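Okay, here's what each chain looks like letter by letter:
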Amino acid sequence: MTAPLFLDGSPAAHEALRDAVAEVLAVLAATDERAPFPSAGPAQLREIAAAIEPLPDDAEPLGEVLADVGRTVLAHGARVTDPWCAAHLHPPTLLTAGAAELAIAATNQSMDSYDQAPMATYVEDRLVARLNALIGLPAAGSGVLTSGGTASNLLGLLLARDHAAGGANVNGLPAGAARWRILASAGAHVSVRQAAAVLGLGRDAVVAVSTDDDGRMDVAALDRTLDQLAQTGGIPIAIVGTAGTTDTGAVDPLTALADRAAAHGAWFHVDAAVGSALVLSDRLRPLVAGLERADSITADLHKLWWQPIGASALLVRDALSFGSVREPADYLNRTEDDDVLNLVDRSLDTSRRFDALKILVSLRATGRRRLAGLVEHLVDLAAKAGEAVRRTPGLELVAPPQTVTVLFRCRPDGVDESLLDRLNVEVQRRLLASGRAVVGRTRYRGAVALKLTFTNPLTSHDDVAALLAAVAAEASAGVGVAA
């Protein structure tokens, strides 16, 4: 008898799903002790992938398929639960959220319209309302889930552009739009410039404001930039604050930015992809004071809320802001259906997963206090890691940790300044190629720097000490190579 292909309500389908889940779990367990990163290089991985046949003419037994996938695919992935996998904002996920992914996939609610996702529609609406309340946005606010911070930033800046234009973009950008400017710190995420390009403003419409020694937007520099725009005819339509920059974890002075935005009639958007989680903690909430004054906020729940990718939200101060996004269609979000909520009216996506379910399940099963404790542990871990860098011979702290990121570089005694960039590149590459550790690499103020990003609550102070020792040892061993 052929196994059921769909969850059709029959006992046979339920049994087939149980068997499939059990086989997936077996493969996950078999590959769960791997290194932080595969030691096989890009050429070998390409060769392995090229040997996979994604679409055979006839079916293969699921057990055989999964066993092969375990050997060829899962065994060669980054292992985000390893404390030495610490390069990016790339966390492990709550088990409860991972389990809820099965229900999302099996029920396949599409979040564009009420008649495709009746209860799911109101669950997502309730979730974003709770996030707004936690941050301190007014009850008149709203929001929608997106695939990630880049999508949330794009949507937030679309609302900013339409606010400046006085409504939806129907006939193209208005006269004078060439003078519109978006102000963001030099440490803002690349998606801000990408959004400006997509929105027809051009990447150069984003004006980078210099940062202070802590990596925060310099308010005096912002004031000078605003004065220069006034003198040259530029119009600031949006000020973008960042709560947790990618490279230093810096939090811009949000209250001061909110004041400037209000004074100039500009939209205030905050990229709190990282920093939104700080509001879970009563102790850490003051770090993002002013967040509640934003017109729109990016909050990534697949970072320090430990959700599977993708799970981001764009939260807004005023639900009416989404009016410029709405594009009615007779088959979908009909204008006469006023008593029905269709989330496509808030979104740039049509078909969209019911990601609110995994968030709802895992947050309820974990609780705010426990989540707050995890965030506090990681912020404290980063602070102590910064102190450890200062104490470790051959390492230099580049910027003081503010949230969960530690930026540093290798500087062994006797190495010429001109060789330091090359040495740091080699240290990061060699650790990655060996599979021993995933350490981030970037440039900060023109120099190559290494980066540890702490998103794994399983990481201990001993793990950090051992990792820093390994980096320092690799730097000492690599001095001759760099030279």
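Residues numbered from 1 in each chain as written. Predicted model: local features only at pLDDT ≥ 70, side-chain atom pairs only at ≥ 80, totals over all residues. Heavy atoms only, no water.

For the rest of this paragraph, the subject is the side chain of S296. With respect to the helices, strands and loops of the structure, S296 is situated in strand 6 (residues 296-300). Judged by its relative accessible area of 0%, S296 falls in the buried class. There is a polar contact of 2.7 Å between the side chain of S296 and the side chain of H269. S296 has contacts with G156, W267, F268, H269, V270, L314, L315 and V316, leaving out every residue within four places of it along the chain. (Helix = DSSP H or I, 4+ residues; strand = E, 2+ residues; numbered from the N terminus. Buried < 20%, exposed > 50% of the residue type's maximum accessible area, 1.4 Å probe, protein only. Polar contact = N/O pair within 3.5 Å; in protein donor to acceptor, adjacent residues only side chain to side chain. Contact = heavy atoms within 4.5 Å.)

With that out of the way, let us pick up the packing of helix 1 (residues 11-30) against helix 3 (residues 62-72). Helix 3 packs onto helix 1 with a crossing angle of 25° between their chain directions and a minimal axis gap of 9 Å. Considering the angle they form, helix 1 stands roughly parallel to helix 3. Seen from above, helix 1 lies across helix 3 with right-handed handedness. Contact residues: A20, E23, V24 and V27 in helix 1; L62, G63, L66, A67 and G70 in helix 3. (Axes fitted to C-alpha atoms, helices over the stretch in contact; angles between N-to-C directions. Parallel < 35°, antiparallel > 145°, perpendicular 65-115°, else oblique. Left-handed = near helix turned anticlockwise from the far one by under 90°.)

On to the pattern of salt bridges. Counting across every chain of the model gives 29 salt bridges. For R79, the salt bridge identified is with D82, shortest N-O distance 3.6 Å. Each member of the pair, R79 as well as D82, is classed as buried. Ionic pairing is found between R353 and E101, a salt bridge with its closest N-O pair at 2.6 Å. Taken together, the residues span a long stretch of sequence, with R353 in the loop between strand 7 (312-316) and helix 10 (356-366) and E101 in helix 4 (residues 95-107) at a distance of 252 residues. Using a relative accessible area of 16% as the deciding quantity, one classes E101 as buried. Within this structure, E396, R409, R411, E417, D421 and R443 form a network of salt bridges that share partners. (Salt bridge = Lys/Arg side-chain N within 4 Å of Asp/Glu carboxyl O.)

This part is about the sheet that holds strand 3 (residues 206-209). On the basis of which strands lie adjacent, the open sheet formed by seven strands has the order 1-7-6-5-4-2-3 and mixed pairing. Every interior strand has two partners, whereas the edge strands, strand 1 (142-146) and strand 3, have only one. For this sheet, the mean inter-axis angle between neighbouring strands, taken without regard to orientation, is 20°. Sheet analysis places strand 6 next to strand 7, joined by five bridges and oriented antiparallel. Among the inter-strand pairings, I297 is bridged to a residue of strand 7, identified as L315. On the sheet, helix 6 (residues 149-165) packs against strand 1, strand 2 (180-185), strand 4 (235-242), strand 5 (267-271), strand 6 and strand 7 and is oriented at approximately 175° with respect to strand 5. (Pairing = 2+ DSSP bridges.)

What follows deals with the pairing of strand 2. Every other side chain in a regular strand lies on the same face of the sheet, so the side chains alternate between the two faces. With respect to burial, strand 2 is a largely interior element, five of its six residues being buried. Where strand 2 meets strand 4, five bridges bridge the pair, whose relative direction is parallel. Of the residues in strand 4, the one forming a bridge with I182 is A238. Relative to strand 3, strand 2 runs parallel, the two being bridged by four bridges. Residue pairing across strands places I182 opposite V206, the latter belonging to strand 3. The parallel pair strand 2 and strand 3, bridged by helix 7 (residues 191-198), forms a crossover whose chirality is right-handed. (Right-handed = clockwise from strand over helix to strand, strands pointing away.)

Okay, helix 12 (residues 420-434) next. Here helix 12 spans 21 Å end to end across 15 residues, near enough to the 21 Å set by a 1.5 Å rise per residue. Following helix 12 by one or two positions, G435 adopts a phi angle in the positive range, close to 80°. (Expected span 1.5 Å × (residues − 1).)

Pairing is antiparallel across the open sheet formed by four strands, whose spatial order is 8-9-11-10. The sheet is open, and its two edges are formed by strand 8 (395-399) and strand 10 (440-444), each paired on a single side. Strand-to-strand twist of the sheet, defined as the mean angle between neighbouring strand axes without regard to direction, takes the value 45°. Relative to strand 9 (residues 405-410), strand 8 is paired through four bridges, and the arrangement is antiparallel. Residue A399 lies in a different strand from strand 9, and its bridge partner there is L407.

Next up on the list: the side chain of D345. Mapping D345 onto the fold places it in the loop between strand 7 and helix 10. Look at D345 and you get buried, because its relative accessible area is 16%. Reaching out from D345, the side chain makes a polar contact with the side chain of R326 at a distance of 2.9 Å. If we ignore the near neighbours within four places in the chain, the residues touching D345 are F322, V325, R326 and N333.

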